[in-house]
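# Coordinate inspection notes
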Amino acid sequence: MTNKNSLTKRIRLRIPKDYHQEPVISRLVSEYGVTVNITAAILGANAVGDGWFDLELQGTDTQIQSALSYLDELSLQVWDDTNQGNW
């Protein structure tokens with residue numbers, strides 16, 4: 001069942017290898033209440049190098065903005081639907 005206040009935001013997220021042991025995506029769900037759908041992902045063998053994730057975030061505007069602020073606090077690179085042409 002979809003909440004009428006629920007929004008969906010598509011982002012692409014780069015997670016550097018230094019963060020591979022951190023539950024970054026899991027925290028979006030557990031701490032910010034956002035539903036995360038991973039629509040694409042690239043992660044090198046043995047987690048060498050950066051990981052790239054195309055995500056759909058679903059939640060209220062406040063939940064999504066809080067989740068994006070968390071990613072910004074980690075200094076992770078995030079592209080959203082406003083700059084998809086650069087994907």
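Residues numbered from 1 in each chain as written. Predicted model: local features only at pLDDT ≥ 70, side-chain atom pairs only at ≥ 80, totals over all residues. Heavy atoms only, no water.

### Digging into the nonpolar core
Proteins that are soluble and globular tend to have nonpolar side chains buried together. Cut-off, in case you're wondering: We call a set of buried Ala, Val, Leu, Ile, Met, Phe, Trp, Tyr and Cys residues a nonpolar core when their side-chain atoms join them within 4.5 Å. Burial status follows relative accessibility: with a 1.4 Å probe on protein chains alone, a residue under 20% of its type maximum counts as buried, one over 50% as exposed, and anything between as partly exposed. Segments assigned H or I by DSSP are reported as helices when at least four residues long, segments assigned E as strands when at least two residues long, and all are numbered from the N terminus. In this description, contact between two residues means that some pair of their heavy atoms is separated by no more than 4.5 Å.
Counting residues in hydrophobic clusters, the biggest one holds 16 residues, and the most contacted among them are L28, L55, L57 and L71. Counting residues per element, this core draws most heavily on helix α2 (residues 61–73), which supplies five residues. L28 has contacts with G33, V34, V36, L55, L57, A67, Y70 and L71, leaving out every residue within four places of it along the chain.

### Focus: the environment of S66
Summarising the element assignment, S66 is placed in helix α2. Remark: the alpha-carbon pair of S66 and E31, spanning 35 residues in sequence, is separated by 9.5 Å.

### Here's the deal with the pairing of strand β3 (residues 51–59)
The condition that has to hold: At least two bridges found by DSSP between two strands is the condition for calling them paired.
Note that strand β1 (residues 7–15) and β3 share nine bridges and pair antiparallel. Each residue of the ladder has a partner; that of R12, found in β3, is D54. For strand β2 (residues 35–42) and β3, the ladder comprises seven bridges, and the chain directions are antiparallel. From the neighbouring strand, I42 faces β3, where its bridge partner is W52.

### Structural notes on the sheet that holds β2
Put simply, the rule reads: Axes here refer to lines fitted to C-alpha atoms; in helices the fit is confined to the stretch in contact. Angles between the N-to-C directions go from 0 to 180 degrees.
Strand order in this open sheet of four strands is β2-β3-β1-β4, and the pairing throughout is antiparallel. Two strands lie at the open edges of the sheet, namely β2 and β4 (77–80), each paired on one side alone. On average, each strand axis in the sheet is tilted by 25° relative to the strand beside it, whichever way the strands run. Against the sheet, α2 engages β1, β3 and β4, with an angle of about 10° to β1.

### Section: the pattern of salt bridges
Where we set the bar: Criterion for a salt bridge: a side-chain nitrogen of Lys or Arg within 4 Å of a carboxyl oxygen of Asp or Glu.
This model, assessed by the stated rule, comprises five salt bridges. The partner of K9 in a salt bridge is D80, with the nearest N and O atoms 3.4 Å apart. Placement of K9 in strand β1 and of D80 in strand β4 is noted, with a sequence separation of 71 residues between them. As far as the burial class goes, K9 and D80 line up, both buried. With a closest N to O distance of 2.5 Å, R14 and D50 form a salt bridge. Pair noted here: R14 is in strand β1 and D50 is in the loop between β2 and β3, with a separation of 36 residues, a long-range link.

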